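What follows is each chain in one-letter form.
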Amino acid sequence: MAGKGRPSQKETGGELVDPGAFGRKRSRLSSALESLASWDGGFILPATGLMILLVIFPTLYTLGLSFVRWNLTEARPPTFVGLENYAFLVGETRFWEALGRTLIFTGVSSGVTLASGMTLALLLNRPLPAKNFIRTLLIVPMVVTPVVVGLTWRFMYNPELGMINFLLGELGFETIAFLGKIGTSLASVMVTDIWQYTPFALLILLAGLESLPTEPFEAARIDGASSFRMFWALTLPMMKGPILVATLFRVMFSFNTFDTIYVMTGGGPGRSSETLVMYAYRLGFEHWHMGESAAAALIMLILVTVFSRVILKVARASRSED
Amino acid sequence: MNRKLARMQGVISALVFLALMLAACGAPATETGPAPEASEAPATEAPEPETPLIRRYEGETIRILMYEQVPTYSTLDRLQEFTDATGINVEYELLAESEMIRKETLDFSSHTGTYDVTNVHFWYIPQFAQAGYLEPLDDYVANLSVPEWDSMSDFVPSYLDSQRFEGGLYGLPFQGIVQILYYRTDLIDQFCGGTPPATMDDLMTCAQAITEGGAGEVFGYTDRGSADAATFMSPAGWIYAWGVNFLDENYHPQLTTPEAVAAMTHYVTLLYNYGPQGQAGMGWAEAEQAILNGVAAMHADTHDLGPDMVNPERSQFPDSISFAMPPMQDRYAQDFFASGLSINADSQHKEAAWLFVQWATAAATQAEQLAERSDFTVESILNSEAYRSQVPGGEVILQAAQVADPAYFPAIPEFGALSDVFSAAVSRMVAEGPDSVEDVMTAANAEIEELLAAAGYYD
């Protein structure tokens, strides 16, 4: 067996060249490619690679980082500290305040976005002149970069030069420094967030409304049901799926909103609009405490994951009920 | 089944290999030891003695990271002069300021040595030098100076000092800015007797008079009040004016001292009572905008805003904004800023990088940019008649530079954390008014004390 298949060799310029080597390599390569192509799961490899590169690796890296003390202000190498970073966060009032603001921001922003998205979807789900044009116009806020949205709204809120205060002045109201007051800064950012993401909810909910069967509504109409009754008893239950999907995405987006807050208020005045993601950013890139920042990011990931699981569970339960 | 299993094993092996490769690329280096020996001793590795120093590193390529701003563009526009003189190729990357800071910090800390030269703001010098990220430059100054680019004796002392940490030099000053007072001459004439305020008391009196006379349209004074890190400088400079440094010699914050409380009461009163609405949300850009638009009559800030003040395309009052020394109490208020060029300790081209740093900060190179910028770092330019006549505010900038003191800044590696705490406190005080000063300063003092204790400065 030892000599079986051994290639012939010839001497050229003092070097031994295997004339069959290239062909054999090619045939090995092509057979490997063929076997990969014939493997049912081969087509998922590129996506898996990207997933590992862009999602799994950074997540695992962040997880690892959350267990070390790695302050870029120190000459010390990272050292394992177990759960110390998590304990630090739990003991920080600032962390809990930021978490509270995040929950308020997420709850209000997601709730109002869904309500306004549903209202607009119901309006657009009926014969309207220039319906497509209106729909396109309504989608515009969603495609603008959050930083640009933040800068635009920041200018609009400006007490001296902004459009909002100009309109308030024209209506006889006093000028308000929306972003310069502790009581109004977070709410002002929420309004911006709602403006930007209402079109997103609108798109999902409108698609859902357009796919609803017409027969139940016709039957209800014949039975003399009011519009509100039809909305409450038919539209809402049948729209449970799209509403849950829109809720899931909105909660995830709102929970992680950074650009808009960073640009509009920087978390201020004081810390009145500092959310968890802003706090994690500051720990990482102002305090340079990478371990604590990673721990804060991981806590956010856990919270969003738990919430997503709850939504998915509700979705599954409602599907099995149907 | 076996073939299928083997294929699966192959795929899993490939994925594990990929993951390991990625981990190897991204994992932080755990050592902050000295740079490779090959480039450790710049003076001892001179190749051929007959090769002039300026051509000694011909053919090398260096990578630099800087941030997008006028001085950077002005310097890079002349890059060919450097390449022609030295034969060194320069590849550069320009980013927004905050992004550059994040990128250089991550590059330093991961020891990848991607960039040979970077812009380093003076407040990061202690952090980066202590962590071993920056190459000490003293040996280079002593042994590798190109005479025509040697400006060591010409640098403004405060700018050069800002590049030092524990006696070592870690950068050469590329850009230097000091605080001056911008004021509207017409309003000062109308409400303040025609003379810009020289003292803090004068400033308050004048700001009050303008605000009361301005009938809600014009306000006396504006400054930084938002919660972002850049806000730190003005109020910290105010505290300095009252004769107290932010940290004492044992690194204890001084925010509860009567002087610091008085300084911040003054600062907050100015903004809360005599500043435009929404001061607590206004950073340096909005404050500048307020005086450009005629909403505010006075504004103390960095001197590089001067060209905007007299530019008819930016300012509504280009002919009536003038310049004066910053107000003083026991000392002049400060808003000193300097950004230097430093060499990455992990660079593989340190000598070539040094030549670039020396060229880019040289008086001769800066002199070519007189018509383009105002933030020069050498006295020969600041003292020149051309500077005084061409640069808006030129006549007071040198005077302000001579009283500038980087010591108003807590130059310690934990500066970023201090800035986060203090800027948020300032923003809150400005939002709530002067009555809140004592409580907020006490809380900020305690928070900073806790941060520095955790960093090991004291128990």
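Quick caveat: nothing in here was measured; it's all calculated off a predicted structure.

**Comments concerning the overall build of chain A**
Scanning chain A from terminus to terminus reveals 14 helices and four strands. Its C-alpha atoms give chain A a radius of gyration of 29 Å, clearly above 20 Å, the size a compact globule of 322 residues would have. For chain A, the proportion of its 322 residues judged to be buried stands at 32%. For chain A, restricting intrachain contacts to residue pairs at least 6 apart in sequence, the fraction spanning at least 24 positions comes to 69%.

**Focus: the overall build of chain B**
Across its full length, chain B carries 20 helices and eleven strands. Classification of the 459 residues of chain B by burial places 50% in the buried group.

**Observations concerning the interface of chain B and chain A**
Contact with chain B, which involves 41 residues of that partner, is made by 36 residues of chain A. Of all the secondary-structure elements, those providing two or more residues to the side of chain B that touches chain A are α1 (2-26), α4 (97-110), α5 (125-130) and α19 (415-432) of chain B. If one sorts the elements of the side of chain B that touches chain A by residue count, α19 of chain B sits on top with nine residues. The class makeup of the residues in the side of chain B that touches chain A is 17 nonpolar, 17 polar and seven charged.

**Examining the sheet that holds strand β10 (residues 321-324) of chain B**
Residue and element names in this part refer to chain B. With respect to topology, four strands assemble into an open sheet ordered β8-β9-β7-β10, the strand pairing being mixed. In this open sheet, the two strands that pair with only one neighbour each are β8 (219-222) and β10. Strand-to-strand twist across the sheet, computed as the mean angle between neighbouring axes with direction ignored, equals 20°. Note: strand β7 (residues 179-184) against β10, four bridges, orientation antiparallel. Counterpart to L181 in the pairing with β10 is A324. Its contacts with the sheet place helix α18 (residues 394-403) against β7 and β10, and it is angled at close to 145° to β7.

**Some words on the pairing of strand β9 (residues 296-302) of chain B**
All names here are of chain B. With seven of seven residues buried, β9 lies mostly within the body of the structure. Of the pairings in the sheet, the one linking β8 to β9 comprises three bridges and is parallel in character. Counted as the bridge partner of Y221 is M298 from β9.

**Description of helix α11 (residues 258-274) of chain B**
Residue and element names in this part refer to chain B. Under the 1.5 Å per step criterion, the end-to-end length of α11 is 23 Å for 17 residues, consistent within 8% with the ideal 24 Å. Within α11 the residues assigned to the buried category are A260, A263, M264, H266, Y267, V268, L270, L271, Y272 and Y274. Buried-residue contacts for α11 involve α9 (200-214), β8, α10 (233-241), α19 and α20 (437-454).

**Some thoughts on the domain arrangement of chain B**
Residues and elements named next belong to chain B. Each assigned domain of chain B is listed here: domain 1 (52-176 + 337-403) and domain 2 (179-335 + 414-454). Inter-centroid distance (C-alpha atoms) of domain 1 to domain 2 is 29 Å. Between domain 1 and domain 2, the contact holds 13 residues from the first and 17 residues from the second. When residues of the side of domain 1 that touches domain 2 are assigned to their parent elements, the largest contribution, five residues, is made by α18. When its residues are assigned to classes, the side of domain 1 that touches domain 2 shows eight nonpolar, four polar and one charged.

**Quick word on the sheet that holds strand β6 (residues 172-177) of chain B**
Residues and elements named next belong to chain B. In spatial order, the strands read β2-β1-β3-β11-β6; together these five strands make up an open sheet with mixed pairing. Two strands in the sheet have a free side with no partner beyond their single neighbour: β2 (89-95) and β6. On average, adjacent strands in this sheet sit at an angle of 25° to one another, irrespective of strand direction. Along the sheet, α4 contacts β1 (61-67), β2 and β3 (117-121); its crossing angle with β1, the most-contacted strand, is approximately 135°.

**Quick look at the nonpolar core**
All names here are of chain B. Residues Y182, I239, M264 and F356 are the most contacted members of the largest nonpolar core, which totals 188 residues. Take this core: its biggest share by element is eleven residues, from α19. Counting the residues that make up this core, at least three belong to each of domain 1 (52-176 + 337-403) and domain 2 (179-335 + 414-454).

**Description of unusual backbone geometry**
Here the residue pair G268 of chain A and P269 of chain A is connected by a cis peptide bond, since its omega of -5° sits within 30 degrees of zero. Tracing the sequence through the fold places P269 of chain A in the loop between α12 (259-264) and α13 (276-285). Of note, A130 of chain A is a non-glycine position whose phi angle comes to about 55°, a positive value. Note that A130 of chain A resides in the loop between α4 (93-124) and α5 (131-143). Positive phi outside glycine occurs at A215 of chain B, with the angle close to 50°. Examined against the element boundaries, A215 of chain B turns out to sit in the loop between α9 and β8.

**Focus: the environment of L89 of chain A**
All names here are of chain A. As for its position among the elements, L89 is in helix α3 (residues 84-90). Judged by the 24 C-beta atoms lying within 10 Å of it, L89 falls in the buried class. Sequence spacing of L89 and T106 is 17 residues, and the spatial spacing of their C-alpha atoms is 21 Å. In this structure, L89 is in contact with F95, E292, A295, A296 and I299, ignoring residues within four places of it in sequence.

**A short note on the environment of I64 of chain B**
Residue and element names in this part refer to chain B. The residue I64 is located in strand β1 in this model. Taking the C-beta count within 10 Å as the criterion, I64 has 23 such neighbours and is therefore assigned buried. With 279 residues separating them along the chain, I64 and I343 place their C-alpha atoms 9.3 Å apart.

**Remarks on the confidence of the model for chain A**
Residues and elements named next belong to chain A. Of the residues in chain A, 91% have a pLDDT of 70 or more, and the chain-wide mean is 88. Across chain A, α3 holds the top mean pLDDT of 97, while strand β1 (residues 10-12) sits lowest at 42. Residue range residues 1-17 is modelled with pLDDT below 50. Its contacts to residues more than four positions away, or to other chains, number eight contacts.

**Some details on the confidence of the model for chain B**
Here chain B averages 89 in pLDDT, and 89% of its residues register 70 or above. Reported for the predicted complex are a pTM of 0.82 and an ipTM of 0.81.

**Thoughts on the environment of F246 of chain B**
All names here are of chain B. Inspection of the secondary structure puts F246 in the loop between α10 and α11. Taking the C-alpha atoms as reference, F246 lies 6.6 Å from Y408; in sequence the two are 162 residues apart. Beyond its immediate chain neighbours, meaning those up to four positions away, F246 contacts A236, I239, P253, Q254 and P410.

Conventions and cut-offs
- Residues numbered from 1 in each chain as written.
- Chains lettered and ligands numbered in written order.
- Predicted model: local features only at pLDDT ≥ 70, side-chain atom pairs only at ≥ 80, totals over all residues.
- Helix = DSSP H or I, 4+ residues; strand = E, 2+ residues; numbered from the N terminus.
- Rg over C-alpha atoms; globule rule 2.2 N^0.38 Å.
- Buried ≥ 20, exposed ≤ 12 C-beta atoms within 10 Å, placed from the backbone.
- Contact = placed C-beta atoms within 7 Å.
- Nonpolar A, V, L, I, M, F, W, Y, C, P; charged D, E, K, R; others polar.
- Pairing = 2+ DSSP bridges.
- Axes fitted to C-alpha atoms, helices over the stretch in contact; angles between N-to-C directions.
- Expected span 1.5 Å × (residues − 1).
- Domains from an automatic or database assignment.
- Core = buried A, V, L, I, M, F, W, Y, C linked by C-beta atoms within 7 Å.
- pLDDT = per-residue confidence, 0-100.

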